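# Coordinate inspection notes
Next come the chains, spelled out residue by residue.
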Amino acid sequence: MSSVWPVLPVLLPLIGGIALLFCRLGGLQLQRSVSLLFTAGLIILTLKTLSVAVTEGHQVYLLGNWLAPFGIVLVLDQLSALMVLLTALLSMFALLYAIAQDTDKQGEDFHTLFQIQLFGLNGAFLTGDLFNLFVFFEVLLLASYGLLLHGGGRLRTKGGLHYVVINLVGSSLFLFAVGTLYGVLGTLNMADLADKMATVSADDQGIVAAAALLLLVVFGIKAAIFPLYLWLPGAYANTSAAVAALFAIMTKVGLYAIIRVHGTLFGEQAGPLAGLHTDLLLWLGMLTLILAVFGVFAARSLKEQAAFLILASVATLLVGIGIDNSAALSASLYYLVHSTLIGGAMFLLADLVARGRGSYADKLRSAPAMARAIMMGSLFLVSAIAIAGMPPLSGFFGKVLILDSAIGHPLQSWIFTAVLLGSLLMMIALARSGSILFYQVNEESNNDGGTINTKATAVMISLLLLSPLLVVAAGPVTALTEQIAQQLADSQSYINAVLSQSAVTGK
Amino acid sequence: MEWIVALVIGVMTASGVYLVLRARTFPVVLGLTLLSYAVNVFLFTMGRLQVGQAAIISPDATAYTDPLPQALVLTAIVIAFGMTAFLIVLALKARSELGNDHVDGLHYVAEEQAVKSRQKAGD
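About the cut-offs
All residue numbers refer to positions counted from 1 along the written sequence of the respective chain. To read the labels, note that chains go from A and ligands from 1, taken in the order they are written. With pLDDT at 70 or above as the cut-off, local features in this predicted model cover only qualifying residues; side-chain atom pairs require 80 or more to be listed or tallied, and sums for whole chains, interfaces and linings still use all residues. A run of H or I in DSSP becomes a helix once it reaches four residues, and a run of E becomes a strand once it reaches two; helices and strands are each numbered from the N terminus. Only C-alpha atoms enter the radius of gyration, while the globule expectation follows 2.2 Å times N to the 0.38, with N the number of residues. For the exposure call, what matters is how many other C-beta atoms sit within 10 Å of a residue's own: 20 or more marks it buried, 12 or fewer exposed, and in between partly exposed, using C-beta atoms placed from the backbone. Residue pairs are scored as contacts if the distance between their C-beta atoms, which are placed from the backbone, is within 7 Å. Note that domain bounds follow an automatic or database assignment of domains. pLDDT expresses how confident the predictor is about each individual residue, on a scale running from 0 to 100. The span expected for a helix works out to 1.5 Å for each residue beyond the first. Directions drawn from the helix axis to the C-beta atoms are what define this arc. Ten residue types, Ala, Val, Leu, Ile, Met, Phe, Trp, Tyr, Cys and Pro, are classed as nonpolar, four, Asp, Glu, Lys and Arg, as charged, and the remainder, Gly among them, as polar. Buried Ala, Val, Leu, Ile, Met, Phe, Trp, Tyr and Cys residues whose C-beta atoms connect them within 7 Å together make up a nonpolar core.

As a further point, take the overall build of chain A. A tally of regular secondary structure across chain A gives 21 helices and two strands. Whereas a compact globule of 507 residues would reach a radius of gyration of roughly 23 Å, chain A reaches 22 Å, a difference of no more than 12%. Residue burial in chain A is summarised as follows: out of 507 residues, 59% are buried. Taking all contacts inside chain A whose residues are at least 6 apart in sequence as the whole, residues at least 24 apart take part in 81%.

Our next topic: the overall build of chain B. When you go through chain B residue by residue, the secondary structure sums to four helices and zero strands. From first element to last, N terminus to C terminus, chain B shows the α and β order α-α-α-α. Residues counted as buried form 25% of the 123 residues belonging to chain B. By sequence separation, contacts in chain B at least 24 residues apart represent 51% of the contacts at least 6 residues apart.

Residues and elements named next belong to chain A. For chain A, the assigned domains are domain 1 (1-272 + 491-507) and domain 2 (277-472). Spacing between the C-alpha centres of domain 1 and domain 2 amounts to 25 Å. Element by element, the count of residues in the side of domain 1 that touches domain 2 is highest for helix H3 (residues 78-100), at eight residues.

Moving on, we get to the confidence of the model for chain B. A low pLDDT score tells you not to read the predicted coordinates there in detail. Residue and element names in this part refer to chain B. Mean pLDDT for chain B: 85, with 86% of residues reaching 70 or above. No element of chain B has a lower mean pLDDT than helix H4 (residues 106-122), which averages 63, and none a higher one than helix H1 (residues 2-20), which averages 94. Reported for the predicted complex are a pTM of 0.92 and an ipTM of 0.87.

Moving on, we get to H1(B). Residue and element names in this part refer to chain B. Between its terminal C-alpha atoms H1 stretches 27 Å, which fits the 27 Å expected from 19 residues at 1.5 Å a residue. Residues Met12, Gly16 and Val20 constitute the buried set of H1. Projected down its long axis, H1 shows its buried positions confined to an angular sector of 65 degrees, all on one face. Exposed side chains of H1 directed beyond 90 degrees from the buried face belong to Trp3, Ile4, Leu7, Gly10, Val11, Ala14 and Tyr18.

Next up on the list: the interface of chain B and chain A. Contacts between chain B and chain A engage 25 residues on the former and 19 residues on the latter. Sorting elements by how many residues they give to the side of chain B that touches chain A places helix H3 (residues 68-98) of chain B first, with twelve residues. In terms of residue class, the side of chain B that touches chain A is built from 20 nonpolar, three polar and two charged.

To continue, consider the environment of B:Arg22. Residue and element names in this part refer to chain B. By secondary structure assignment, the location of Arg22 is in the loop between H1 and helix H2 (25-45). A residue is classified by how many C-beta atoms lie within 10 Å of it, and Arg22, with 13 of them, is partly exposed. For the pair Arg22 and His102, spaced 80 residues apart in the sequence, the C-alpha separation amounts to 9.2 Å. Filtering out sequence-adjacent residues up to four positions away, Arg22 remains in contact with Pro27 and Val28.

Attention shifts here to the nonpolar core. All names here are of chain A. Counting 215 residues, the largest nonpolar core has Tyr97, Ala245, Leu311, Val319 and Leu348 as the members making the most contacts within it. A total of 18 residues in this core trace back to one element, the largest contributor, which is helix H14 (residues 326-356). Among the domains, domain 1 (1-272 + 491-507) and domain 2 (277-472) are the pair contributing at least three residues each to this core. Residues within four places of Leu348 in sequence aside, it is in contact with Tyr97, Ala241, Ala245, Val459, Met460 and Leu463.

This next bit is on helix H15 (residues 373-388) of chain A. Residue and element names in this part refer to chain A. With 16 residues, H15 should cover 22 Å at 1.5 Å per step; its first-to-last C-alpha distance of 22 Å lies within 8% of that length. For H15, the set of buried residues is Met376, Leu379, Phe380, Ser383, Ala384, Ala386, Ile387 and Ala388. Against helix H13 (302-323), H14, helix H16 (394-406), helix H17 (412-438), helix H18 (454-464) and helix H19 (466-472) lie the buried residues of H15. Remark: Gly389 follows H15 within two positions and exhibits a positive phi of approximately 85 degrees.

Take a look at the structure:
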């Protein structure tokens, strides 16, 4: 029997987006309530899908009742369920913040774009077809272009232009890779591709490997891997804070796609092509990490610094994926949850600081003391501890788990050096910006910043509180991520679940 | 016939890449359009080149052509069309807001900031 669970998280935001178009007549207040309602509904739904995925294994939905590999399938497994839940959680905080700061008043249709963004994200996490993944990528990108440019402003337009152009180039490369794989293997269903990977003749192995690496470039653009990350700081630092916080999940889509596509296609069953991407990812991860930390140092504003911190978290995750064992994957997933939520919180904090400092905004220069400076400084301290990976918050646990899984790896010393050096430099850079922002107070002029927006601060604090929560709940969360890593290692069960799915007979 | 198609794809891709690397927005838009044309022809040929064959099962047909690449190309055309339209509007917006049509429209902004800071110093 075809299960409906994979399709519901895709449908709900789509219906929400369409419903919001009709709510335009009812004014902003109605749009806000409807948008909140649908996002809250998505959290409840994704909690349920996670429990279904954990208890009942792979859930497969055949679109249009076409059998795999002929039709498109949506597949829910534990990894996609976790990603969908994470998206829903983060989007709730981003939406609450956008409402608290009136970001949605700066232009039309913020809420519609927001729901369509969630539609694209959930679709990308749940699809089991390579071409359908391309389509959902385009959906989420088009919505993200709208959200990124929402509110206008020339720096935003400039960053947005780079973002759009590089992603369009990425889309072309994606289609080249998809076409090549189809030309050699005659299928686009991920399970079927993985199944046929072992039968590729020796002549065609080079072509398939080239297509796979081309896909890695495409996902590398999404995930912002060296040398394809240069668009990220400009785009993320100049957009509105709520959108930047939501975009903390966007780079993770690229990482998810690498785990899903390359992990499934080039798993153990792939024969000579197995694991062709892992060493590359490890080196690229370490290189990206060091360059991202340099960026954290060189950043001239807090938002830019937050963008480079997102990049550093992506790089750490790449190292985790590149270590390529079950424990490392489990550790990476824990760190992924942490870094997405706290990366988002960092953007919200940067925005609060920028608003509090008035004309000095979030530039790293000494300025008159802002309102409620002690509270904001303490929030900065806690966020910095969480994101740099210091005890006792969740970043520390994530990094310890990743390093623990690296013990015994041939490149062990390189991994330890890169991750630990990266953390140290990150901590120094954050300490420096903290002292500039909160200690080096310039007494000569008066602060022209606004008072602190209580609602927005409350949203930011509650997002930040998820970090200690992740530490308290580390037992159950790591139990879940270990289970996910085990399920991913067994790609044969994924292939069997998809290819043995029978159609609904209608009687 | 294969080599003509391969040549066409190759030339369009090369021209597309060259244009995407240009400094002004309009050539970049043209380059992306050429790239998407190249991709569409490429996807189409991945179903192998067949002339005058049926795509849908019928009792009279002796051989078939692969219908899937046609569906893929159709989807890709629609998406590329929408994206190009969006990019043109964005390029126009950038032209009016940044005051020039450079992809990296920073020159103007940096210059203006320098003028502003000089004015501040003068005060």
